[in-house]
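Listed below, chain by chain, are the residues.
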Amino acid sequence: MPRDTSINSVLIIGSGPIIIGQACEFDYSGSQASRSLMEEGIEVTLINSNPATIMTDPVTADHIYLLPLTVESLEQILNEQKIDAVLPTMGGQTALNLAKEADEYGLWEKYNVKIIGVDIDAIEKTENRDLFRSLMMEIGIPIAESKIANSYLEAKEVAQEIGFPLVIRPSYTLGGYGGGFVHAKEDFDVAVKRGLEASPTHEVLVEQAVIGWKEYELELLRDGKDDIAVICTIENLDPMGIHTGDSITVAPALTLSDTCFQNMRNMAFKMMRSMGTFAGGCNVQFSVNPENEDIITIEINPRVSRSSALASKATGYPIAKIAAKLALGYYLDELKNPVTKTTSAFFEPAIDYTIVKIPRWDFNKFRGADRTLGLQMKSVGEVMAIGRSFQEAIQKACQSLEIKRLGLGADGWELKKLDPIIDSLKNPSWDRIFHVKDALSLGVPISSIQKITKIDPWFLEQIYELVKTEQEIKKFTLENIDPELLKLAKHQGFSDAQIAHTLKNCTDMDVYRKRKELGINRVYKMVDTCSAEFSSPTNYLYSTFDGENESVVTDKKKVIVIGSGPNRIGQGIEFDYSCVHGLMAAKECGYEAIMINCNPETVSTDFDTADKLYFEPIFWEHLYEIIELEKPEGVIVQLGGQTALKLSERLRDEGIKIMGTSFENMDLAEDRGSFSDLLKELEIPYPRYGVAENAYEAIQVANEVGYPVLVRPSYVLGGQGMKIVINDEDLQAAVIELLGDLPGNRVLIDHFLDRAEEAESDCICDGEDVEIIGMMEHIEPAGIHSGDSSAVLPPFSFSQKVLDQIEEYTKKLARAMNVIGLLNIQFAVKDEQVYVIEANPRASRTVPFICKAYQVPYVNIATKIILGENKLKDFKIEPKPQGYAIKQPVFSFNKFPNVNKELGPEMKSTGEAILFVKDTKDPKFRELYSQKSMYLSR
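(A) Representation of the environment of Gly140 in the model. Within the fold, Gly140 resides in the loop between helix H6 (129–139) and strand S6 (146–149). The class for Gly140 is exposed, based on a relative accessible area of 55%. Distance from Gly140 to Met271, taken between C-alpha atoms, is 9.6 Å for residues 131 residues apart in sequence.

Shown next as structure tokens:
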């Protein structure tokens with residue numbers, strides 16, 4: 001059936017600020033859906049409050065509304081735009097809940113707006129736990145024994161009836177929020193109270209716990225005539241009991257019998273067809289008894305889910321793009337697969353490789369938090385790796401995490417004592433997979449590990465094979481290593497650095513040169529949705545050591561953009577925004593734009609964002625070999641945050657051109673001591689400081705510069721490890737802790753300017769001219785990390801004298817550091833004197849916010865300057881301010897109820913929202929001003 005011709009304009013609801021459980025995967029789905037609708041001639045309007053997203057860019061939709069996600073905002077849009085239909089399935093739980101709320105207010109009926117993709121009844125059936133349970137029983141789908149409770153007494157009655165252990169699942173929540181296991185009667189009261197408070201309808205499902213069963217997810221598409229395609233089957237390596245967002249997952253499912261898969265598939269089809277009006281993407285989760293393969297359903301999500309982004313990147317199949325077209329009325333068999341461009345979209349993807357997803361946690365930011373993994377999601381990001389085998393993929397995934405691991409063990413970070421290893425296996429946290437390997441290395445039987453962890457023996461056997469290979473490598477030196485053993489190690493995903501560590505007395509580059517001599521070369525394979533069964537023009541690639549190279553190297557001038565890796569606090573979606581715009585600008589300048597990244601949630605890793613995508617770890621070995629193959633004009637490192645910057649020294653040492661600001665000048669800003677020396681030379685005020693390598697030196701420095709002092713290491717992100725201390729005893733403890741966490745680092749001791757105001761500037765410099773693109777005034781005082789502070793653009797209370805100083809110092813520093821590209825500077829302001837705190841010669845967290853506030857593509861301009869294609873004078877920059885723009889940080893403290901929520905120099909926010917006010921008379925503005933006055937008067 002052709003698309004519904006009555007629909008000419010569509011409103012897409014976004015997911016709002018990044019929070020734990022709902023991250024940048026919905027920027028990917030919203031962006032892809034919007035472009036898909038625009039291909040059909042649809043006028044697209046989009047609402048979201050997150051300024052750091054590609055989906056809120058003018059290139060993505062016809063009309064962008066950066067507004068709070070409320071019914072009032074929706075009505076404002078419906079008054080201003082002619083909207084025929086609303087698509088609420090691309091913005092996660094937030095969008096579904098808002099669409100449902102608007103329906104209850106009668107908004108869609110009032111403005112004659114259709115809900116497409118899913119109807120309200122389908123949302124209600126899947127989100128209301130009681131209705132879902134009743135529906136499953138009606139259609140004969142097995143489900144865990146459970147009952148709904150709306151009060152503590154009701155829940156207690158259900159618990160007595162079902163028996164322990166139990167699961168408490170609140171209705172209408174995200175990321176398992178408020179849910180948990182209750183193993184014993186004494187834990188019940190607290191768990192039920194938490195669940196009832198978390199649910200917006202004060203409703204929980206009290207359910208039989210199937211702890212230790214295997215968990216699977218199916219990502220599917222359904223069209224208006226009930227045709228369904230399974231896009232991806234995902235298996236959780238971790239058993240039931242750990243939220244799927246916190247579980248290591250693999251695709252395709254590797255330990256699932258064909259009979260069980262077919263039963264699961266049939267159940268999923270039956271569930272989808274029972275929901276009523278629904279056309280688009282859907283996620284269904286199942287649990288399987290490992291003893292007899294009995295299946296029960298866990299839940300169904302009638303929307304593009306967190307796993308949809310992973311499934312899209314795993315298979316190459318653009319789920320959100322096709323789902324948007326199905327919402328318009330198209331059938332699957334009418335659409336072409338956008339990757340192959342020849343096969344039907346109804347053709348289910350086939351893959352001849354394995355993918356592994358590992359979540360990324362930031363527990364160090366939530367000191368005192370319970371690090372045990374359970375029903376409530378705690379991870380802040382994830383990585384995905386692709387290999388020809390599970391072993392290769394999991395090693396590459398470990399290399400992608402940026403936690404100093406060189407792979408799955410064999411890197412010097414192993415635990416050697418059995419007691420802490422067994423404790424970790426029993427109480428799963430972020431590092432359990434590494435401790436599984438450690439246990440096997442110490443000789444703990446697979447059967448014992450399986451009994452403790454409930455991880456399928458097949459996975460444990462695969463990891464044990466890695467242990468055996470590592471033990472074999474130890475018998476050799478680099479000079480006499482068996483070539484077949486070295487080849488096996490590379491097939492199993494061992495990095496050159498792991499092999500060097502195991503062999504001793506050699507470096508990763510020594511191993512690299514040795515295997516090159518032996519003809520053990522990395523090749524690149526295509527991700528094409530069809531296992532090469534059909535020809536495909538895609539340039540989406542991964543590396544392995546098996547077979548022929550499928551990466552066609554052109555003779556075009558090319559540039560590589562290094563991505564930002566997994567989301568974490570301090571480095572999130574803002575940097576992916578900059579990477580995407582860098583790719584766009586490079587294309588406009590005639591470059592073949594090549595992306596390297598390992599984050600499946602992002603727009604930068606979409607199949608058609610770059611001219612060529614290498615889905616690889618941001619890890620030296622992988623990066624170097626791609627550069628060696630492609631031979632680009634240079635590499636851009638200043639768009640991908642600290643991840644890319646950390647590799648710049650090795651790039652410089654290997655003679656690889658860094659486009660834009662040189663390594664030496666970037667390093668000048670990262671080395672806090674050298675930077676302070678530069679400020680002194682330029683006669684720019686800065687807090688008194690000193691550098692220490694141990695606690696004794698730190699105390700000497702602190703007494704010279706005067707307490708209170710800010711203690712911080714060099715070369716870190718998001719204020720990691722920063723503390724304000726007021727005496728020798730606290731300073732000694734802080735320095736010992738810092739150097740323990742970051743051995744080999746130096747500690748900078750700054751005099752802390754108490755009750756100072758804070759400001760920051762972002763600018764573009766071409767080596768000569770400087771364009772200040774934004775000045776921001778912080779609401780919170782100096783001492784609270786800029787990422788955790790509300791900021792107002794432009795400043796509203798600073799005197800002209802202060803503004804002049806900020807401008808002067810910004811331009812002075814940009815020229816002195818010979819910045820070619822972007823520069824962010826942070827300032828403290830006290831008694832009308834401006835002090836420079838730090839400078840970051842790269843894209844900052846605030847750049848997307850400024851781009852949205854002033855409606856200027858500053859990253860594109862900066863990239864063209866980085867490439868040497870343009871100077872600032874070539875651009876006519878015309879900011880379009882909309883009054884004052886306010887950046888408001890968003891926190892996920894509800895995931896960690898017992899942590900210290902007090903803000904300080906170490907960043908804790910997970911995302912941000914943008915708010916526009918016309919003038920300082922606005923009540924919201926006055927509230928912020930009062931807040932600032934209160935801070936400064938303390």
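(B) Up close: the layout of surface pockets. Computed from the structure, the second largest pocket encloses a volume of approximately 870 Å³. Forming the walls of the second largest pocket are 35 residues, and the residues nearest its centre are Phe181, Thr372, Leu373, Gly374 and Leu375. Looking at the lining of the second largest pocket, the elements with two or more residues in it are strand S8 (180–182), helix H8 (188–198) and helix H15 (446–453). Residues that form the lining of the second largest pocket fall into these classes: 16 nonpolar, 11 polar and 8 charged.

(C) Fine view of unusual backbone geometry. Omega for the bond connecting Ala251 with Pro252 falls within 30 degrees of zero, at -5°, which places this linkage in the cis form. Here Pro252 is to be found in the loop between strand S12 (249–251) and helix H9 (258–273). The omega torsion of the bond from Leu793 to Pro794 falls at -10°, within 30 degrees of zero and hence cis. With phi around 65°, Glu293 is a residue other than glycine that occupies positive phi space. Among the structural elements, Glu293 can be located in the loop between strand S13 (280–288) and strand S14 (295–301). Not every positive phi belongs to a glycine, and Asn818 is a case in point at roughly 50°.

(D) The pattern of salt bridges, seen in detail. What the rule picks out here adds up to 52 salt bridges. Asp57 is the partner of Lys852 in a salt bridge, and the nearest nitrogen-oxygen pair spans 3.6 Å. One end of the pair, Lys852, is in helix H29 (residues 847–854); the other, Asp57, is in the loop between strand S2 (43–48) and strand S3 (63–66), and 795 residues separate them in sequence. Asp57 sits in the buried class, given a relative accessible area of 3%. In this structure, the salt-bridge partner of Glu161 is Lys147, at a minimum N-O distance of 3.0 Å. Linking Glu161 in helix H7 (residues 152–162) with Lys147 in strand S6, this pair joins segments that are 14 residues apart in sequence. For Glu161, a relative accessible area of 47% corresponds to the partly exposed category. The network of salt bridges with shared partners includes Lys490, Asp496, Arg515, Arg522, Glu621 and Glu625.

(E) Region of interest: the nonpolar core. Counting 163 residues, the largest nonpolar core has Val10 and Leu651 as its most contacted members. Core analysis: the next-biggest nonpolar cluster, separate from the first, contains 34 residues, Tyr216, Phe269, Met272 and Ile300 among them.

Rules used throughout
- Residues numbered from 1 in each chain as written.
- Predicted model: local features only at pLDDT ≥ 70, side-chain atom pairs only at ≥ 80, totals over all residues.
- Heavy atoms only, no water.
- Helix = DSSP H or I, 4+ residues; strand = E, 2+ residues; numbered from the N terminus.
- Buried < 20%, exposed > 50% of the residue type's maximum accessible area, 1.4 Å probe, protein only.
- 1 Å grid on protein atoms, 1.4 Å probe; cavity = no way out; pocket = protein on both sides within 12 Å on 5 of 7 lines; lining within 4 Å.
- Points joined across faces, edges and corners; volume = space filled by probe spheres on them.
- Nonpolar A, V, L, I, M, F, W, Y, C, P; charged D, E, K, R; others polar.
- Salt bridge = Lys/Arg side-chain N within 4 Å of Asp/Glu carboxyl O.
- Core = buried A, V, L, I, M, F, W, Y, C linked by side-chain atoms within 4.5 Å.

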